[in-house]
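Observations on chain architecture
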Amino acid sequence: MVVALLFVSHWVACLFIFVCRLELAGNQEVWPSFYEIETNNLNEQYMFSLLTGFLMLIGEGIDPATLTEQAFVFTASVTGAILMAVIIGNISLVLQNANALGTMYQSKMDVINDSMRAMNISPRLQRKTVAYYELLWKRQRALSTATSFIDELSPPLRKELNMDLNTEVIYRCDLFK
């Protein structure tokens, strides 16, 4: 986006100098600063013009002398306002998306912790399950959409969790005595 801003500044600068030269050739009054840079070397003219173009885009420090220059500066200022709005909007969107994913992860972890407490899962397995999800988050930064957190676990951890949940039933069953 910054490159786009520099690119637009370049074109605004070139076009503004072109407008000033056309007015000068037509013996019209020209922007006062143009007289100062007209005799400078090309590099100095370009840098001054680029700064002028950038200032026009952000709406600062340009006093056009003629109606044509005023129209040009107005158009450049509106273009600059739109460009700045796009840049700021894109930056806020990137920041919002980065924050949204972290918020979704924290929300998912809250649901998992609440579910494990409600199921009376042993503290050792709760820590192991949380560590598993933290590892997944660090490696993949992705969230599953499964309805039950148990379905998302690795097969060995899922087996261990199911054994913990069903220990009482297994001990009461005559088949397993």
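Residues numbered from 1 in each chain as written. Predicted model: local features only at pLDDT ≥ 70, side-chain atom pairs only at ≥ 80, totals over all residues. Heavy atoms only, no water.

Glancing now at the packing of helix α3 (residues 42-58) against helix α4 (residues 67-118). Where α3 meets α4, the closest approach of the two axes is 6 Å, and the angle between their N-to-C directions is 70 degrees. Comparing the axis directions of α3 and α4 gives the class roughly perpendicular. Listed contacts from α4 to Met56, Leu57 and Ile58 of α3 are Phe72, Val73, Ala76, Ser77, Thr79, Gly80, Ala81 and Met84. Residue composition of the contact of α3 with α4, by class: eight nonpolar, three polar and no charged. (Axes fitted to C-alpha atoms, helices over the stretch in contact; angles between N-to-C directions. Helix = DSSP H or I, 4+ residues; strand = E, 2+ residues; numbered from the N terminus. Parallel < 35°, antiparallel > 145°, perpendicular 65-115°, else oblique. Contact = heavy atoms within 4.5 Å. Nonpolar A, V, L, I, M, F, W, Y, C, P; charged D, E, K, R; others polar.)

Our next topic: the pattern of salt bridges. In this structure the tally under the stated criterion is five salt bridges. Among the salt bridges present, the one from Glu160 reaches Arg124, with a minimum N-O distance of 2.8 Å. Pair noted here: Glu160 is in helix α7 (residues 155-172) and Arg124 is in helix α5 (residues 123-140), with a separation of 36 residues, a long-range link. Residue class for Arg124 comes out partly exposed when judged on its relative accessible area of 45%. Here Glu168 makes a salt bridge to Arg172, at a shortest N to O gap of 3.3 Å. You can see Glu168 and its partner Arg172 sitting in helix α7, four residues apart, about one turn around the helix. The exposure classification of Glu168 matches that of Arg172, with both residues exposed. Residues joined by salt bridges that share partners form a network here, namely Arg124, Lys128 and Glu160. (Salt bridge = Lys/Arg side-chain N within 4 Å of Asp/Glu carboxyl O. Buried < 20%, exposed > 50% of the residue type's maximum accessible area, 1.4 Å probe, protein only.)

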